[in-house]
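Structural overview for review
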Amino acid sequence: MVTLLFTDIEDSIGLWEADPEAMTEASGRHNRMVREQVEAAGGHVVKTMGETFRAVFADPLAALAAAVAIQRAVGAEPWPPGLPIRVQMALHSGACLRRDGDYVGPVVNRADRLLAIGHGGQVLATAATYELLADRLPGGIGWRDLGEHRLQDLGRAERVFQVTGPGLAGEFGPLRSLDHPGPRHNLPSQATSFVGRAAELAELRSLAGGGSRLVTIAGPGGIGKSRLALQVAAGALAGGGDGVWLVELAPVAEPELVARTVAAVLGVREEPGRPVLDTLVDAVGDRSLLVVLDNAEHVLGAAAKLADALMRCCPRACLLVTSREPLGVSGERVFRVPPLAVPPADLAVPPAGLAAFESVQLFADRAAMHRQGFVLDESNAAAVAGICVRLDGIPLALELAAARLGSLSAAEISARLDQRFGLLTGGSRTALPRHQTLRALIDWSYDLLIPAEQRVLARLSVFAGSWTLAGAEAVAGGGAGDWQVLDHLAALVDKSLVLADEIGGSTRYLLLETVRHYAAERLARRPGPELDETRVAHRDYYLALAETAGTHLRGPDEAVWLDRLEAEFDNIRAALALSLADPDGTEPGPDGTEPGPDGAEPGLRLATELRWFCNMRGHGAEILEVLNALLERPDAQRSTLTRARALTAACHLRNQFGDDSAVPAMAGEAMAIARDHADDAIAADAVAQLCWFRFEHGDLPGALARIDEAARLARTTGDPRLITYVLLHRAVFAGEGNDVHAAFADLQEACTFARAAGDNYQLAIALGNLGRYEHIAGQLQAARAHLQEANTLADSFSYPSLYVAFRQMMGFADLLDADPGQARHHFIGSLDATRITGVKSYVHGVLLGLALAAGADGDPTVAATMHGVADEQYEQAGRVFEAMEGGLRERDHARLRAALGDAAFEAAYRRGRTLSRADGIALATAPAEPDPGAASAVPAAGQALADGSAGLLSEREREIVALVAGGATDAQIAARLFLSVNTVRSHLDRIRDKAGARRRADLVRYAMQAGIEAVALSS
Ligand SMILES: Nc1ncnc2c1ncn2[C@@H]1O[C@H](COP(=O)(O)OP(=O)(O)OP(=O)(O)O)[C@@H](O)[C@H]1O
Ligand SMILES: [Mg+2]
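Criteria and thresholds
- Residues numbered from 1 in each chain as written.
- Chains lettered and ligands numbered in written order.
- Predicted model: local features only at pLDDT ≥ 70, side-chain atom pairs only at ≥ 80, totals over all residues.
- Heavy atoms only, no water.
- Helix = DSSP H or I, 4+ residues; strand = E, 2+ residues; numbered from the N terminus.
- Rg over C-alpha atoms; globule rule 2.2 N^0.38 Å.
- Contact = heavy atoms within 4.5 Å.
- Areas by Shrake-Rupley, 256 points an atom, 1.4 Å probe, with all protein chains shown as cover.
- Lys, Arg positive; Asp, Glu negative; His and termini not counted.
- Charge placed at Lys NZ, Arg CZ, Asp CG, Glu CD.
- Phe/Tyr/Trp six-rings, centres within 6.5 Å; stacked < 30°, edge-to-face > 60°.
- Buried < 20%, exposed > 50% of the residue type's maximum accessible area, 1.4 Å probe, protein only.
- Lys NZ or Arg CZ within 6 Å of the ring centre and 35° of its normal.
- Near = heavy atom within 4 Å.
- Polar contact = N/O pair within 3.5 Å; in protein donor to acceptor, adjacent residues only side chain to side chain.
- 1 Å grid on protein atoms, 1.4 Å probe; cavity = no way out; pocket = protein on both sides within 12 Å on 5 of 7 lines; lining within 4 Å.
- Sits in = over half its atoms within 2 Å of the grid points.
- Donors = N, O, S within 2.8 Å, 3.2 Å for Na, K, Ca; no water.
- Core = buried A, V, L, I, M, F, W, Y, C linked by side-chain atoms within 4.5 Å.
- Points joined across faces, edges and corners; volume = space filled by probe spheres on them.
- Nonpolar A, V, L, I, M, F, W, Y, C, P; charged D, E, K, R; others polar.
- Pairing = 2+ DSSP bridges.
- Salt bridge = Lys/Arg side-chain N within 4 Å of Asp/Glu carboxyl O.

**Remarks on the overall build of the chain**
- What the chain contains, in helices and strands, is 47 helices and 16 strands.
- Against the 2.2 N^0.38 benchmark of 31 Å for 1019 residues, the chain shows a C-alpha radius of gyration of 41 Å, more extended than a compact globule.
- With the principal axes as the frame, the chain shows a C-alpha extent of 125 × 75 × 65 Å.
- For the chain, the share of sequence-separated contacts (at least 6 apart) that also reach a separation of at least 24 residues comes to 69%.
- Accessible surface, the chain: about 43800 Å² in total, of which carbon and sulfur atoms supply 53%.
- Side-chain charges in the chain split into 97 positive and 129 negative, and the spacing between the mean points of these groups amounts to 4 Å.

**Brief notes about the packing of aromatic side chains**
- Per the stated rule, a full pass over the model turns up 21 aromatic pairs.
- Look at Trp143 and Phe161: their rings are 6.3 Å apart centre to centre, the planes differ by 70°, and that puts the pair in the edge-to-face class. One end of the pair, Trp143, is in strand E8 (residues 142-150); the other, Phe161, is in strand E9 (residues 157-164), and 18 residues separate them in sequence.
- Judged by relative accessible area, which is 4%, Phe161 ranks as buried.
- These aromatic residues form a ring-pair network of at least three members: Phe463, Trp467, Tyr509, Tyr541 and Tyr542.
- The positively charged end of Arg554 is found above the aromatic ring belonging to Trp612, 3.8 Å away from the centroid.

**Remarks on the site of ligand 1**
- Taken together, 22 residues are adjacent to ligand 1, and Lys225, Arg324, Glu399, Arg434 and His435 come closest.
- The separation between an oxygen atom of ligand 1 and a polar side-chain atom of Ser226 is 2.8 Å.
- For ligand 1, an oxygen atom lies 2.8 Å from a polar atom in the backbone of Arg227.
- A total of 620 Å² of accessible area belongs to ligand 1 in isolation, and the protein chains cover 93% of it.
- One can see that ligand 1 is located within the largest pocket.
- Of all the secondary structure elements, the ones that give two or more residues to the shell around ligand 1 are helix H7 (225-236), helix H12 (358-370) and helix H14 (395-403).

**Re the coordination of the magnesium ion (ligand 2)**
- Distances from the magnesium ion (ligand 2) to its protein donors, Ser226 (OG) and Asn295 (OD1), fall within 2.0 to 2.1 Å. Of this pair, Ser226 sits in helix H7 while Asn295 is found in the loop between strand E12 (289-294) and helix H10 (300-313), placing the two residues 69 residues apart along the sequence.

**Details of the nonpolar core**
- Formed by 176 residues in total, the largest nonpolar core has its most connected members in Phe363, Ile387, Leu457, Leu460, Trp467, Val498 and Phe733.
- A total of eleven residues in this core trace back to one element, the largest contributor, which is helix H30 (residues 680-696).
- Those residues in contact with Leu460 that sit more than four places away from it in its chain are Trp467, Ala472, Ala476, Leu489, Leu492, Val498 and Leu511.

**Observations regarding empty space enclosed by the protein**
- Under the defined criterion, the tally for this structure stands at three cavities of 30 Å³ or more.
- Taken as a whole, the largest cavity encloses approximately 120 Å³ of empty space.
- What lines the largest cavity is a set of 15 residues, among which Pro220, Gly221, Leu441, Ile442 and Val515 lie closest to the centre.
- Where the lining of the largest cavity is concerned, the elements lending two or more residues are helix H17 (438-447) and helix H21 (513-525).
- The greatest single-element share of the lining of the largest cavity, amounting to four residues, is contributed by H17.
- Taken together, the residues that form the lining of the largest cavity break down as nine nonpolar, four polar and two charged.
- Volume-wise, the second largest cavity comes out at about 50 Å³.

**Side note on the pairing of E9**
- Relative to E9, strand E7 (residues 123-126) is paired through three bridges, and the arrangement is antiparallel. Within E9, the residue paired with Ala125 across the bridge is Phe161.
- Alignment of E8 against E9, held across seven bridges, turns out to be antiparallel. Bridge assignment links His149 to a residue of E9, and that residue is Glu158.

**Structural notes on unusual backbone geometry**
- Despite not being glycine, Asp11 shows a phi value in the positive range, around 50°.
- Among the structural elements, Asp11 can be located in the loop between strand E1 (2-9) and helix H1 (12-18).
- Taking relative accessible area as the criterion, Asp11 reaches 53% and is therefore assigned exposed.
- In this structure, Arg554 is a non-glycine residue whose phi angle is positive, near 55°.
- Relative to the helices and strands, Arg554 resides in the loop between helix H22 (530-552) and helix H23 (558-567).

**Focus on the pattern of salt bridges**
- Enumeration over the complete set of coordinates arrives at 52 salt bridges.
- We note a salt bridge from Arg274 to Glu271, for which the minimum N-O separation is 3.4 Å.
- Accessibility expressed as a relative area gives 38% for Glu271, which makes it partly exposed.
- In this structure, Arg522 and Asp443 form a salt bridge, with 3.3 Å as the shortest nitrogen-oxygen distance. Within this pair, whereas Arg522 is found in helix H21, its partner Asp443 is found in helix H17, the two being separated by 79 residues in sequence.
- By sharing partners, the salt bridges in this structure join Lys47, Arg54, Asp102 and Asp112 into a single network.

Structure follows, in structure tokens:
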């Protein structure tokens, strides 16, 4: 008879994995400690395997003493941080067989099994050892009876005792015997890597840690709910408990089979005549289980019932459900899975930056599976980013797209995503049937909808971007009552087909791109004219919205309406596209439908309504293009008030944003229609447009000649906004004609009308102009106050074009105040706003301002070049200098000529004339580098451009540089490229500016640095 002491480090595999280096040392130290204590107590180590020890003792008391000594020593030992070394032990006594120096037989097996059910720090003993020692315990050592336990694979239950005493841990979880199975699971291993989701995993863990026992992971098909749940479940294995069980519900077609399937997975046997749910609940009892109910949306009711029963009757059971729709039972915490992060749609991100986005990581990982050697690089970065964005970061869609890389490039896949349902069909054969094609993925959700929900979903596909409940009611209702639409929409949100997002207290709805494509296909397949009806309903809704907005813009509550139009702009664009789709209003639609009965009219009205919105918030050029196209349509030619309004709006936008050469004809036509219809408002407006055109093109007398007529017509309408509008025009003309008194009078009256109407936009303009003329009149304080108020209005109400203009005005005010540094600050601020907003109509003025600022405190040669740039831009825009601008410019030209001499001034000025707008801006905004030598002044400015400027050269310019580097003369280059010698020279001037190279030798050096290969002429 001997007593066996078996010991092992708890979870040694995990520790080795966590920190192999530290574990090497710790394991050695542990092994030495165990051996020392065993031998010190008179025992003998029979066998070791890694950290597992089998020791044998003749005296059971010695075995017990060794066990306690080892626990105390290990407990007191400073182990490396993060490497908790805890030893589990088993004591058993009996007669053993010896074979090859080892002990074998049932006594050894029993000690092994006992070792397996204990915890780190725990010393267990069988009844046999207990009996031998019961009366011989040393001081302080005692026993705790842990009751009977069935050990793994052995029939007879064993009474198990735990040794207690000083230096020994006392509390442990239940033994991992068959009666209390340790963490067990049926989680499948995954063939592919898991990507990202750190934040989602943390939140799910904290939900569980916070005591939520029923968590539903919800979200659209293929977004990664199941994969995420598996990851959470795998993490739960480490936390103890009685097991983690995955129940796959996707193949369970009948609701009655849900409880039965769960019972089968948990190994619970059905009892005849008793509902399986009752048996299941009893069997789970107070066991600490985590059950994952995966893919529950099609058996939602049965899953909810089961969840409810488990929550009520099994206090330590936890449920993690994945479903496209939440269960809707009390106590359920719903976690909605977001798509994987996608790169910004409108920015070119370099490959290294792209890899930070989880969608890109997933795509690249799967891509490498389908195309050997696939790496994200410059050649495919844009296409991959596009794929991720257009597939909304949905993992399944990305996997299906990557699967196409076997036969198509990323760019080809990206280009075909409009036909995504035909393209994305190559799912893994082992995947769920609904994961084999993109269409099947959505079919699964669509088929679970009731017909009315299917219809609403299909109709919602006509929205571009997000929409409101009111929009859905107008567009998707199609005869259904408002409440019904609300209910259907809510159901679609629950089922993750429609996304809902609350912004500032109001909810906006959205379809993922793939769902929108799918729903659009469904709508197109619906019988009758439903597609056209829905599109028309959509257009009419936005027309009504724009018309209502029109009555609020330039009024006290315009901010709300501007934001609303902005939020709806994608939809407005789609509504306009519908009007443009049928070019002359007579062709039948592509599917044979009749042309809309209302032709161009609704589109014209819609675009016209956007005139003020465009002025305040941008999109002007785009709307102007639409207006132009619609005005050209044959069915838009009738002389209606709609056409007249559209013509006037087009004139306004052309004066601001576009080519204004057609303004006189358009304004003339509008005036004629207005006259015929006796519509004073349109007439006043149209006359004002014509006057502004004349003014901009240097015909001040022509502008002044007719503006009183506009003012008179406006006053007859009594509309304060229109009166303000015309007065503002007249004030500018008067000011330019040096009648500052008349300008002040009109501006003050305009301020009064604008304030009364709550028209902040025109108030800002009036204040800005007041400030400007006050400045010219020398009333500096009043001027600054008004300009500042105007600028604050433009900034706080977000009128980008005004902001751009006011910063420019403030710059000119500073020039008049002889503060070129501050002026430059405003001009550059104006240019920055131009870049952000796309409002280009003030750029020429800003360039003049920057030239003047350079003239005042900068290098005269650079200033002269910048004057050339500014003059060129005025000329290209067809603009003349306003009085103040003209005066400042002339003074500056004269001063620079005097400083440089005529020839140098002319040379620099002419160089400025040849620069493009972009190069001119680059030159004007390059940080001023005062140069000690006057001769190097121009190259210094050019130098600022030359940094990284190889890319600035056009193809033609590179060709010329290559020829220069090959030794060709100007004439030879001209002959070779079929150009005139003068053209070659002006190209060379531009190249020199860009390259910062004055002499041919410099150009040759530049060519080498820029990697442009020299081309030698053969003869
Ligand atoms: N984070 C991820 N890392 C790697 N692969 C992922 C990830 N998320 C999802 N996938 C993969 O995307 C595919 C779809 O994921 P999953 O099955 O989890 O979607 P689901 O939301 O459960 O879809 P359904 O609504 O159809 O049940 C699977 O192939 C999955 O392995
Ligand atoms: Mg799933």
